[in-house]
Amino acid sequence: MSVLFETSLGDIVIDLETDACPKTCENFLKLCKIYYYTLNAFFNVSKDFLAQAGDPTATGTGGESVWSFIASSKNQTGTPRYFAPEILPKLKHKSKGTVSMAVAPGVDANSQGGCGSQFFITLGDNIEYLDGKHAVFGHVVEGEDTLEKLNEVFTDQEGRPLKDVRIRHVVILDDPFPDPPGLVVPPKPPTKPVDNSTRIAEDEDPLATLPEEEEERLRRERAAAASALTLEMVGDLPFANVRPPENVLFVCKLNPVTRDEDLELIFSRFGTIMSCQVIRDKKTGDSLQYAFIEFDKREQAEQAYFKMQNVLVDDRRIWVDFSQSVAKVNTSWSNNVKRGPKMTVERRSGFGGRDDLEQTRRYRDDRGGGGGPRDDYGMVFDVDGGRGKRRDRSRSPRRDRERRRSRSRDRDRGKDYRDRDRDRDHRARDERKRH
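Since the structure is predicted, the reported quantities are computational estimates derived from the model, not experimental observations.

Bringing the overall build of the protein chain into the picture now. The secondary structure content of the protein chain amounts to 9 helices and 14 strands. Considering the protein chain as a whole, with its 435 residues, one finds that 34% of them fall into the buried category. Put simply, 67% of the contacts in the protein chain that link residues at least 6 apart link residues at least 24 apart. With an accessible surface of roughly 28200 Å², the protein chain has 48% of that area assigned to carbon and sulfur atoms.

A word on the nonpolar core. Across soluble globular proteins, nonpolar side chains have a tendency to be buried as a group. By size, the foremost hydrophobic cluster in this structure holds 39 residues, and its most contacted members are Phe5, Phe28, Tyr37, Phe119 and Phe137. Among the elements that make up this core, the one with the highest residue count is helix α1 (residues 22–33) (5 residues). Apart from the residues lying within four places of it in its own chain, the contact partners of Phe5 are Gly10, Asp11, Ile12, Ile14, Phe28, Cys32, Tyr37, Phe119, Ile167, His169 and Val170. Ranked by size, the runner-up nonpolar core spans 18 residues in total, among them Val251, Cys276, Ala301 and Val313.

Spatially, 4 strands are ordered β10-β11-β9-β14 in an open sheet, and the strand pairing comes out antiparallel. Strands with a single pairing partner mark the edges of an open sheet, and in this sheet they are β10 (273–280) and β14 (319–322). Neighbour to neighbour, the strand axes of the sheet diverge by 20° on average, direction disregarded. Strand direction decides the pairing type here: strand β9 (residues 248–252) and strand β11 (residues 287–295), joined by 5 bridges, are antiparallel. Across the sheet, residue Val248 finds its bridge partner in β11, namely Glu294. Where helix α5 (residues 260–267) meets the sheet, it contacts β9, β10, β11 and β14, and its direction lies at approximately 140° from that of β10. Its contacts with the sheet put helix α6 (residues 298–307) on β9, β11 and β14, and the angle it makes with β14 is roughly 150°.

If you walk through the whole model with that rule in mind, you get 18 salt bridges. Note that Glu221 and Arg217 form a salt bridge whose closest N and O atoms lie 2.5 Å from each other. Of this pair, Glu221 and Arg217 both sit in helix α4 (residues 212–234), 4 residues apart, roughly one helical turn. For Arg217, a relative accessible area of 37% puts it in the partly exposed group. Here Arg298 ties to Glu302 by a salt bridge, and the two come within 2.6 Å at their closest N and O atoms. A residue pair is termed a helical-turn pair when its members lie 3 or 4 positions apart in one helix, as Arg298 and Glu302 do in helix α6 at 4 residues. On the basis of relative accessible area, Arg298 is assigned to the partly exposed category, the value being 35%. Among the charged side chains, a network of salt bridges with common partners joins Lys30, Lys33, Asp175 and Asp179.

The next subject is helix α2 (residues 66–73). Of the residues making up α2, those classed as buried are Val66, Ser68, Ile70 and Ala71. On its buried side, α2 packs onto α1. Positive backbone phi, approximately 60°, marks Asn75, located one or two places after α2.

We now examine the packing of aromatic side chains. Inspection of the entire model under this criterion finds 16 aromatic pairs. Their ring planes at 50° and their centres at 6.0 Å tell us that Phe5 and Phe28 sit as a pair that is tilted. A residue pair is termed long-range when its members are at least 10 positions apart, and Phe5 in strand β1 (residues 2–7) and Phe28 in helix α1 qualify at 23 residues. Of the two residues examined, Phe5 and Phe28, each falls in the buried class. Seen from their ring centres, Tyr36 and Tyr37 are 6.0 Å apart, and the 85° between their planes marks the pair as edge-to-face. Given the relative accessible area of 13%, Tyr36 is considered buried. Through pairs of rings, three or more aromatic residues link up here, namely Phe5, Phe28, Tyr36, Tyr37, Phe69, Phe119 and Phe137. Its guanidinium or amino end placed over the ring of Trp67, Lys23 lies 4.1 Å from that ring's centre, counting from NZ or CZ.

Further remarks concern the environment of Thr79. Positionally, Thr79 belongs in the loop between α2 and β5 (98–104). For Thr79, a relative accessible area of 37% translates into the label partly exposed. A C-alpha to C-alpha distance of 9.2 Å links Thr79 and Phe69, two positions 10 residues apart in sequence. If we skip the residues at most four places from it in the chain, Thr79 touches Trp67, Ser68 and Ala71.

Its identity is not glycine, yet Asn75 carries a phi of approximately 60°, on the positive side. Turning to its location among the elements, Asn75 is positioned in the loop between α2 and β5. Asn75 gets classed as exposed once you look at its relative accessible area, which sits at 71%.

We now examine the pairing of strand β4 (residues 50–53). Taking every second residue as pointing to the same face, both faces of β4 are buried, with Leu50 and Gln52 on one and Ala51 and Ala53 on the other. Pairing between strand β3 (residues 44–46) and β4: 3 bridges, direction antiparallel. Within the sheet, the bridge partner assigned to Ser46 lies in β4 and is Leu50. Relative to strand β6 (residues 114–122), β4 is paired through 4 bridges, and the arrangement is antiparallel. For Leu50, the partnering residue across the bridge sits in β6 and is Thr122.

Criteria and cut-off values
Residues numbered from 1 in each chain as written. Predicted model: local features only at pLDDT ≥ 70, side-chain atom pairs only at ≥ 80, totals over all residues. Heavy atoms only, no water. Helix = DSSP H or I, 4+ residues; strand = E, 2+ residues; numbered from the N terminus. Buried < 20%, exposed > 50% of the residue type's maximum accessible area, 1.4 Å probe, protein only. Contact = heavy atoms within 4.5 Å. Areas by Shrake-Rupley, 256 points an atom, 1.4 Å probe, with all protein chains shown as cover. Core = buried A, V, L, I, M, F, W, Y, C linked by side-chain atoms within 4.5 Å. Pairing = 2+ DSSP bridges. Axes fitted to C-alpha atoms, helices over the stretch in contact; angles between N-to-C directions. Salt bridge = Lys/Arg side-chain N within 4 Å of Asp/Glu carboxyl O. Phe/Tyr/Trp six-rings, centres within 6.5 Å; stacked < 30°, edge-to-face > 60°. Lys NZ or Arg CZ within 6 Å of the ring centre and 35° of its normal.

Pasting the structure below:
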């Protein structure tokens, strides 16, 4: 009765001692049948000693017998995790390639240890230290070269191979035991390891070298991805994987007197221009000597790129390149103080051309969201209603009432003064008439 292990280092054929160890062999075969060992890693390899596997978690503390697996899959309790080991004095670890079921100790005084699913293969001869402690149930009959490769793998201080060695597939060549009640065979083997290892993958070559051009390309891609992520974090990009438009050209080294209409007239020979904007200073309106030109099609932009490079425009040799800016995706290019940024109805509902994004707000929202020219400097302490309207400093109704009373008293006092002066004038006039 044999089992074939297809590992990442080669094939191993194990001949089982079904007559001497029937329970151990039945547990091993049924676990193989339900793909329990598929994609398991050899998590403990000691040179010239042993190679241990059979734990799906690759920690050395997992695994269970097939009967415990059936009970746990049906949410049944009472079935022990391990079964009693079948340790026979005549079966010893004499030769290289001896297969034994690892005997786990009890967790506490109330629990009993035994055999679960973990097994190991010896990588040396005459390992008497293991005799009487672990249950021998088979021998490797084919795949000695695979064992040699397994014995030479590099491991860390805990014995875990730095590069994963996994059981890719298991083939049962002969199974004399009937299936236990409740055993359900999955329709297909697993495609992903349970342990989620972060070590070197079994199909990865850490010593492989790429051509210099390929390495430089990968390095630049990683650097660009890191830069894009940084720009997303600081808010300059709506999302890291945003791509600049392919139909937009960036033109620089312009003459300050060059206008939008001039560039549009010059570049219109290559196709329909959707927009042509010379970027200007916000406060002064002076040209910053670069512009963005958007064509209707990408082919038109490519033709203009090849034809207009280093062309003389207004006594200046211009430089033409494809735009790497995504500012148009966010809001608009233009910061012209006369026209203001262009905002469309579609752009107000989201950010960056996406409805699920929202633009970061600082201190307060823009007035009305219209994007028109502002009459202030956008400071934190600016007050709505224009610069001509002063802020009312009155904060208390009591102060308002006292102010109204004071004004009323002043009016009454002024009226009394006027009446008193009028009476004095009348008396003086009467006195003059008598004399």
